[in-house]
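Secondary and tertiary structure notes
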Amino acid sequence: MRQLYSPVRWTETIQKLAGDGITLMAECGPGKVLAGLAKRIDSNVKCPALTDGAALEAAKAELL
């Protein structure tokens, strides 16, 4: 129930991940909002939005 009224700590989450050396992330789902926020929080973060099969295949090709 707390998640309904507690603030989301997205900025701190992205900063912690980037600080730990995790700079490649992916947003899964229909939108691109979190990927855009991650890029604005830390410009070294790469976060493609996997919005469809083509985006997923492109991300897989880049990683392999």
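As shown above, the structure is provided for reference.
Described below are features of the structure shown in this document. (Residues numbered from 1 in each chain as written. Predicted model: local features only at pLDDT ≥ 70, side-chain atom pairs only at ≥ 80, totals over all residues. Heavy atoms only, no water.)

Some points on the pattern of salt bridges
For the structure shown, the criterion picks out three salt bridges. A salt bridge links Lys16 to Asp20; the nearest nitrogen and oxygen atoms lie 3.0 Å apart. Among the salt bridges present, the one from Lys46 reaches Glu62, with a minimum N-O distance of 2.3 Å. You can see Lys46 sitting in the loop between α2 (33-41) and β2 (49-50) and its partner Glu62 sitting in helix α3 (residues 53-63), a full 16 residues away along the chain. With relative accessibility at 41%, the residue Lys46 sits in the partly exposed group. Residue Glu62 is classed as partly exposed on the basis of its relative accessible area of 48%. (Salt bridge = Lys/Arg side-chain N within 4 Å of Asp/Glu carboxyl O. Helix = DSSP H or I, 4+ residues; strand = E, 2+ residues; numbered from the N terminus. Buried < 20%, exposed > 50% of the residue type's maximum accessible area, 1.4 Å probe, protein only.)

Concerning the environment of Leu50
Relative to the helices and strands, Leu50 is located in strand β2. For Leu50, the residues in contact, after removing those within four places along its chain, are Ala26, Glu27, Cys28, Gly29, Ala55, Leu56 and Ala59. (Contact = heavy atoms within 4.5 Å.)

Side note on the state of the cysteines
Applying the stated criterion across every chain yields a total of zero disulfides. Take Cys28: it sits in no disulfide, and the sulfur closest to it among the cysteines is that of Cys47, at 8.9 Å. Of the residues examined, Cys28 reaches a relative accessible area of 63% and is grouped as exposed. When its relative accessible area of 15% is taken as the criterion, Cys47 is described as buried. (Disulfide = S-S within 2.5 Å.)

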